[in-house]
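Below are the chains, spelled out letter by letter.
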Amino acid sequence: MCGIVAYVGPKEAYPVILKGLKRLEYRGYDSSGVALLNSGLKVYKKKGKVAELEDSLMGKDLHANIGIGHTRWATHGEPCDRNAHPHSSSNGKLAMIHNGIIENYSQLKNELMKKGYQFTSDTDTEVLLKFIEDIQQNNHCTLEEAVRIALKRVVGAYVIVLIDEDNPDTLIAARKGSPLVIGIGKGEHFLASDASPIIEYTKEVVYVNDYELAIIRPDELILKNLGNEKITPFITKLDMELAAIEKGGYDHFMLKEIFEQPDTIFDCLRGRLDASLGTITMAGVQNNIDQIKNANRIIIIACGTSWHAGLLAEYIFEELCRIPVEVEYASEFRYRNPIVRPGDVIIAVSQSGETADTLVAIEKAKEQGAMIFGVVNVVGSSIARISNAGAYTHAGPEIGVASTKAFTAQLVVLTLIALKVAHEKGSIDQKRFIHLLNELHDIPEKVRTTLQTAEQVKTLAEKYKDAKDFLYLGRGYNFPIALEGALKLKEISYIHAEGYPAAEMKHGPIALVDETLPVVFVATKDSYHEKIVSNIQEIKARKGKVIAVVTEGDDTITAMADDVIAVPEADEILAPILSVIPLQLLAYYIGIAKDLDVDKPRNLAKSVTVE
Ligand code: M6R
């Protein structure tokens with residue numbers, strides 16, 4: 001949530017920062033701003049997307065070799081110019097950008113107001129900056145020292161970056177709970193919330209850890225802890241190409257990412273699955289196999305789409321591994337008093353690896369002695385680093401705010417883990433194990449075939465785009481897919497949609513059914529097929545419009561439904577990887593038909609780093 005970029009070095013800072021903000025816009029796009037230091041500090045900010053800031057700065061002299069930039073997802077205060085970052089100190093000599101939330105900001109604000117400070121915004125960020133300014137003035141200390149003192153009093157999460165008119169070659173940054181990457185160039189440094197603004201300049205990066213403070217000059221990067229002790233920066237090589245974060249000829253990132261799924265799933269399987277040898281190679285699982293296969297319980301912790309992947313994993317793990325599984329919303333888990341015992345294994349599922357609720361929930365479980373296994377997409381992210389072991393999903397950068405390719409990659413990785421554990425444990429017979437490996441091997445091609453439904457789904461989108469509500473129903477392995485289909489539609493088209501277990505419908509939601517309600521059945525061939533056929537009849541009897549995702553050749557449902565989208569046949573455990581694809585496409589095309597910004601839906605952000 002919120003994207004930050006900063007630069008110091010010989011280049012023009014503004015174009016570097018502007019391009020970086022565009023890449024980070026998926027993190028929030030309520031407003032944006034830059035602060036540039038040449039002869040004097042200048043701050044420019046604007047409500048709306050980064051392009052609006054860019055337009056407002058046309059023709060201005062923006063020459064500077066040091067600067068900071070921010071794109072905002074509002075927490076404290078409405079989206080407007082005044083609340084946009086960077087914020088300025090009272091004396092105008094400092095400017096600061098911030099990603100996170102300062103929880104004790106009102107207490108700090110009251111203290112500062114008593115001292116006569118005035119505030120021009122409603123943000124917690126301005127409070128923190130003026131708190132730092134106050135400390136610096138009272139203690140006659142350096143900015144670095146003032147930041148250190150201030151952060152010891154701050155409760156909450158933050159990445160902050162400060163620029164200082166009195167030190168025109170120095171940026172000061174600090175992190176707790178929100179991500180910060182520093183790119184190391186030749187005589188220059190780049191700072192950003194993730195690596196996407198950095199990769200075209202350098203592949204050498206340092207991931208700043210919690211409670212670390214960085215002093216950054218063109219030729220120097222000093223890392224310290226809040227006790228003022230120096231830390232040796234750990235330099236990592238980025239394994240990412242520029243093409244991966246560009247649209248590559250597609251109109252939208254969302255569509256590109258949907259169509260990338262045959263390749264991302266293949267990448268996810270590569271080096272892990274060898275169907276001919278009948279092996280799964282996953283070091284993170286193998287190195288901890290005794291603990292995982294003997295777990296008392298697996299607790300899957302996640303949010304949003306990742307939670308849906310976790311829910312499907314519950315069905316798969318219980319079926320194949322015979323280990324009890326619970327699936328928890330991270331935001332609930334972290335605030336209850338959950339019972340976690342040393343024999344429990346936590347699987348944290350997250351695309352970004354930065355979701356604040358998930359991060360704090362697993363920290364809490366770790367404190368109670370659980371082993372944390374991360375299933376994460378973003379390499380080097382906070383959740384990946386805090387986990388005891390893990391498996392990356394290797395879906396590549398996902399820029400569209402709605403998660404698509406990361407979801408199917410999560411399903412694949414979780415299935416691989418379940419298969420490996422089941423095999424090691426002996427809870428799956430060899431014939432079924434080999435059958436599932438072969439089926440997994442074939443999944444990328446079946447996803448490619450499923451994508452051929454796109455034109456048909458586009459036509460359906462036109463037909464149903466004006467519906468006010470949708471119901472998504474599924475049973476068994478397809479129930480989490482019904483939830484995911486409904487979430488995608490809500491996010492992208494702003495149409496109210498509910499996902500439900502198909503049989504649960506008769507306990508309430510059936511009251512909603514009439515001839516205006518489209519009901520999407522996720523009804524591929526599985527052990528529940530006959531049951532779901534009955535559920536479809538129940539909807540048809542009440543004149544509901546049925547759109548069904550079925551297995552190719554399913555004449556029974558085809559004869560009953562108003563519209564049918566057919567996907568290739570697959571084992572019931574793997575069929576959800578196919579059945580979700582038409583639902584992603586349906587959300588996308590309805591969003592397009594309604595002329596909405598599908599890559600940046602209103603009110604959302606890609607990486608939810610606030611609670
Ligand atoms: O990065 P994460 O997987 O931890 O994010 C979790 C959710 O915020 C995320 O899946 C969200 O629901 C997406 N907008 C879904 O499209």
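Residues numbered from 1 in each chain as written. Predicted model: local features only at pLDDT ≥ 70, side-chain atom pairs only at ≥ 80, totals over all residues. Heavy atoms only, no water.

**Some thoughts on unusual backbone geometry**
Omega for the peptide link from His85 to Pro86 comes to 0 degrees, which places this bond in the cis form. Its location among the elements puts Pro86 in the loop between strand 4 (66–72) and strand 5 (87–88). You will see that Tyr211, though not glycine, has its phi angle at about 65 degrees, which is positive. Within the element layout of this structure, Tyr211 appears in the loop between strand 11 (204–207) and strand 12 (212–217). The exposure class of Tyr211 is partly exposed, given its relative accessible area of 45%. Even without being a glycine, Lys543 presents a positive backbone phi close to 70 degrees. Relative to the helices and strands, Lys543 is located in the loop between helix 18 (529–540) and strand 26 (545–551). (Helix = DSSP H or I, 4+ residues; strand = E, 2+ residues; numbered from the N terminus. Buried < 20%, exposed > 50% of the residue type's maximum accessible area, 1.4 Å probe, protein only.)

**Considering the packing of helix 14 (residues 405–425) against helix 15 (residues 430–450)**
Where helix 14 meets helix 15, the axes come as close as 11 Å, and the angle between the chain directions of the two elements is 160 degrees. Judged on the interaxial angle alone, helix 15 and helix 14 are roughly antiparallel. By crossing handedness, the relation of helix 14 to helix 15 is classed as left-handed. For the pair helix 14 and helix 15, contact is made by Val412, Thr415, Leu416, Leu419 and His423 and by Gln430, Phe433, Leu436, Leu437 and Leu440, respectively. When the residues that make up the contact of helix 14 with helix 15 are grouped by side-chain class, the tally is 7 nonpolar, 3 polar and no charged. (Axes fitted to C-alpha atoms, helices over the stretch in contact; angles between N-to-C directions. Parallel < 35°, antiparallel > 145°, perpendicular 65-115°, else oblique. Left-handed = near helix turned anticlockwise from the far one by under 90°. Contact = heavy atoms within 4.5 Å. Nonpolar A, V, L, I, M, F, W, Y, C, P; charged D, E, K, R; others polar.)

**A word on the sheet that holds strand 21 (residues 371–376)**
With parallel pairing, 5 strands are arranged side by side in an open sheet as 19-18-20-21-22. At either end of the open sheet lies a strand with only one pairing partner, and these are strand 19 (325–329) and strand 22 (389–392). For this sheet the average axis-to-axis angle between neighbouring strands, irrespective of direction, equals 20 degrees. Note that strand 18 (residues 297–302) and strand 19 share 5 bridges and pair parallel. (Pairing = 2+ DSSP bridges.)

**Brief notes about the nonpolar core**
Judged by nonpolar contacts, the single largest core of 99 residues is most densely connected at Leu320, Ile347, Phe373, Phe470 and Tyr472. Per-domain counts for this core show at least three residues from each of domain 2 (253–428) and domain 3 (450–599). Ignoring sequence-local partners within four residues, the contact set of Tyr472 consists of Ala482, Gly485, Ala486, Leu489, Ala497, Glu498, Gly499, Tyr500, Val520, Leu583 and Leu586. With 32 residues, the next largest nonpolar core counts Tyr14, Leu53, Phe190 and Ala195 among its residues. (Core = buried A, V, L, I, M, F, W, Y, C linked by side-chain atoms within 4.5 Å. Domains from an automatic or database assignment.)

**Structural notes on the site of the ligand**
Around the ligand lies a shell of 14 residues, among which Ser306, Ser350, Ser352, Thr355 and Glu491 are the nearest. Ser306 places a polar side-chain atom, nitrogen or oxygen, 2.5 Å from an oxygen atom of the ligand. Separating an oxygen atom of the ligand from a backbone N or O atom of Gln351 is a distance of 2.7 Å. When the ligand is considered free in solution it has 410 Å² of accessible area, and contact with the protein chains removes 91% of it. Put simply, the parts of the chain that give the shell around the ligand at least two residues each are helix 10 (304–321) and helix 17 (479–493). Here the element with the most residues in the shell around the ligand is helix 10; it accounts for 3 residues. (Near = heavy atom within 4 Å. Polar contact = N/O pair within 3.5 Å; in protein donor to acceptor, adjacent residues only side chain to side chain. Areas by Shrake-Rupley, 256 points an atom, 1.4 Å probe, with all protein chains shown as cover.)

**Things to note about helix 14**
In a regular helix each residue adds 1.5 Å, so 21 residues correspond to 30 Å; helix 14 covers 30 Å between its end C-alpha atoms and thus fits that length. In the segment just after helix 14, Gly426 is the residue with positive phi, at about 80 degrees. (Expected span 1.5 Å × (residues − 1).)

**Thoughts on the packing of aromatic side chains**
On inspection of all chains with the given rule, the structure shows 8 aromatic pairs. Judged by centre distance (5.1 Å) and plane angle (50 degrees), the rings of Tyr7 and Phe190 are tilted. In this pair, Tyr7 sits in strand 1 (residues 3–8) while Phe190 sits in strand 10 (residues 189–192), placing the two residues 183 residues apart along the sequence. Judged by its relative accessible area of 0%, Tyr7 is buried. For Phe190, a relative accessible area of 2% puts it in the buried group. Feature note: the residues Tyr7, Phe190 and Tyr201 constitute an aromatic cluster, connected by ring pairs. Directly above the ring of Phe119 sits Lys109, whose terminal nitrogen or CZ lies 5.1 Å from the centroid. The side chain of Arg602 reaches across the aromatic face of Tyr494, ending 3.9 Å from its centre. (Phe/Tyr/Trp six-rings, centres within 6.5 Å; stacked < 30°, edge-to-face > 60°. Lys NZ or Arg CZ within 6 Å of the ring centre and 35° of its normal.)

**Considering the sheet that holds strand 11**
Spatially, 8 strands are ordered 3-2-4-1-10-9-11-15 in an open sheet, and the strand pairing comes out antiparallel. Each of the sheet's edge strands pairs with one partner strand only, and the pair in question is strand 3 (40–47) and strand 15 (235–237). The mean angle between the axes of side-by-side strands here comes to 20 degrees, regardless of whether they run parallel or antiparallel. As paired strands, strand 9 (residues 181–184) and strand 10 are joined by 4 bridges and run antiparallel to one another. Residue pairing in the sheet places Gly183 in a bridge with Phe190 of strand 10. Strands strand 1, strand 2 (31–38), strand 4 and strand 10 of the sheet are contacted by helix 1 (residues 13–24), whose axis makes an angle of about 160 degrees with strand 1.

**Details of the environment of Ile316**
Here Ile316 lies in helix 10. Taking the relative accessible area as the measure of exposure, Ile316 reaches 4% and is therefore buried. Between the C-alpha atom of Ile316 and that of Leu419, which follows or precedes it by 103 residues, the distance is 8.8 Å.

**Considering the domain arrangement of the protein**
Bring the parts together and some accessible area is lost; that lost area is often taken as the interface size. Looking at the protein, the domain boundaries give domain 1 (4–244), domain 2 (253–428) and domain 3 (450–599). Once you take the C-alpha centre of each, domain 1 and domain 3 turn out to be 44 Å apart.

**Some remarks on the pattern of salt bridges**
It is possible for side chains bearing opposite charge to pair when their charged atoms get close. Considering all chains together, one arrives at 36 salt bridges under this definition. The closest approach of N and O atoms between Glu144 and Arg148, which form a salt bridge, is 3.1 Å. Of this pair, Glu144 and Arg148 are both found in helix 5 (residues 143–153), 4 residues apart, which corresponds to roughly one turn of the helix. Residue classification places Arg148 among the buried residues on the basis of a relative accessible area of 4%. For Lys224, the salt bridge identified is with Glu144, shortest N-O distance 2.7 Å. Of this pair, Lys224 sits in strand 13 (residues 220–225) while Glu144 sits in helix 5, and the two are 80 residues apart along the sequence. Within this structure, Glu144, Glu145, Arg148 and Lys224 form a network of salt bridges that share partners. (Salt bridge = Lys/Arg side-chain N within 4 Å of Asp/Glu carboxyl O.)

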